[in-house]
Amino acid sequence: MKESLVILSIVFLFQMPSHAADKIRITVSGLSGQFMTFPLAQKRGFLKEEGIETEIIRITGAASRTALGSGEVDYGTGLGSNIGGAITGLQIKVVACYVPAPVLALVTRPEFKSVQELKGKTVGILVFGGVAHFAARVMAKHFGLDPEKDMKFIAIGPVEARFAALTQGLIDATLLAPPLDYEAKKRGFNVLARADEILIFPETGLVSGVKKIQERPDEIKRVIRAGIKAYRYIRGNRDGTIQFIMEWLKVNREI
């Protein structure tokens, strides 16, 4: 009788439905190093450890804010434009920060040797009011220029588009993230300044809607924890992180 009960108990346990992982959608603004936290957390299983099944989608600028505000996506990772959305009344909040400074380099055509030489020149940015625009203005002021009067900003779009515009001679300078700043330097373009050496301004982290925060606080905590695990991995496992970047960005080990 006891053996029958044990067998029935085991069968019952195996037939019970397992707790389904929470399914979420996270946006990244670009395919560059500062956005690696959650793609790496997904790849290395840190999100799964927290009971989270994730779809990572690339959406830039205002589209990301709109998707967050409407609930089409659960989380965003770019802080600049999303902070702007929160200031204007969009019901979203920053819940974590993983990269506390813009990982952006001011890269120029070969003939420019100093930031001061960019007076009256064109600088490519993602969008007006975004992190690249803000960083370029702060860097200009740092080197004695008035960004409102001395520089002409052009909203070109994602980092790949800005790289293409610079290398094709369509603009004089732009803000590039790794690895494209390195690639530009290899081609003879000049890196005149780096934002993270001049200013502190949260660039990437985790943003969510107010409704999500109120209704799913436990999920928020688990997603944040997964991000912390990824951050610790990045800081403590150089070889594993390099391997991930090679696969994710499809670049070689040198880059």
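Preceding this paragraph is the structure being described.
The shown structure was predicted, so the numbers you read here are calculated from the model rather than taken from an experiment. (Residues numbered from 1 in each chain as written. Predicted model: local features only at pLDDT ≥ 70, side-chain atom pairs only at ≥ 80, totals over all residues. Heavy atoms only, no water.)

### Points about the packing of aromatic side chains
- Within this structure, the stated rule accounts for 4 aromatic pairs.
- Judged by centre distance (5.6 Å) and plane angle (20°), the ring pair of Phe 244 and Trp 248 falls under stacked. With a gap of 4 residues between them, Phe 244 and Trp 248 both fall in helix H12 (residues 238-249), about one helical turn apart. Both residues of the pair, Phe 244 and Trp 248, count as buried. (Phe/Tyr/Trp six-rings, centres within 6.5 Å; stacked < 30°, edge-to-face > 60°. Helix = DSSP H or I, 4+ residues; strand = E, 2+ residues; numbered from the N terminus. Buried < 20%, exposed > 50% of the residue type's maximum accessible area, 1.4 Å probe, protein only.)

### Some remarks on empty space enclosed by the protein
- Counted by the stated rule, this structure contains 2 cavities of 30 Å³ or more.
- Taken as a whole, the largest cavity encloses approximately 310 Å³ of empty space.
- In this structure, the largest cavity is lined by 22 residues; those nearest its centre are Ser 29, Phe 35, Leu 126, Val 131 and Glu 203.
- Only helix H5 (79-87), helix H6 (131-142) and helix H8 (159-167) provide two or more residues apiece to the lining of the largest cavity.
- Broken down by element, the residue count for the lining of the largest cavity peaks at 3 residues, all from H5.
- Looking at the lining of the largest cavity residue by residue, the class counts come to 10 nonpolar, 9 polar and 3 charged.
- Computed from the structure, the second largest cavity encloses a volume of approximately 40 Å³.
- When residues of the lining of the second largest cavity are traced back to their parent elements, those giving at least two are helix H2 (37-43) and strand E10 (204-209). (1 Å grid on protein atoms, 1.4 Å probe; cavity = no way out; pocket = protein on both sides within 12 Å on 5 of 7 lines; lining within 4 Å. Points joined across faces, edges and corners; volume = space filled by probe spheres on them. Nonpolar A, V, L, I, M, F, W, Y, C, P; charged D, E, K, R; others polar.)

### Let's talk about the pattern of salt bridges
- Considering all chains together, one arrives at 17 salt bridges under this definition.
- Between Arg 109 and Glu 111 there is a salt bridge, with the nearest N and O atoms lying 2.5 Å from each other.
- The exposure class of Arg 109 is partly exposed, given its relative accessible area of 23%.
- By relative accessible area, Glu 111 is classed as partly exposed at 41%.
- Overlapping salt bridges bring together Asp 22, Asp 74, Lys 212, Arg 216, Asp 218, Glu 219 and Arg 222 as one network. (Salt bridge = Lys/Arg side-chain N within 4 Å of Asp/Glu carboxyl O.)

### Focus on the sheet that holds strand E7 (residues 151-155)
- Across the sheet, which stays open at both edges, the 5 strands sit in the order E7-E6-E8-E5-E9 with mixed pairing between neighbours. Each having just a single partner strand, E7 and strand E9 (190-194) make up the two edges of the open sheet. Taken pair by pair, the neighbouring strands of this sheet meet at an average axis angle of 30°, ignoring direction.
- Where strand E5 (residues 105-108) meets E9, 4 bridges bridge the pair, whose relative direction is antiparallel. Residue pairing across strands places Val 107 opposite Val 191, the latter belonging to E9.
- Here H6 sits on the sheet and contacts E5, strand E6 (121-125), E7, strand E8 (173-176) and E9; the angle it forms with E7, its principal contact strand, is near 170°.
- H8 rests against E5, E6 and E8 of the sheet, and its axis sits at about 150° to E8. (Pairing = 2+ DSSP bridges. Axes fitted to C-alpha atoms, helices over the stretch in contact; angles between N-to-C directions. Contact = heavy atoms within 4.5 Å.)

Keep in mind these values describe shape, not function.
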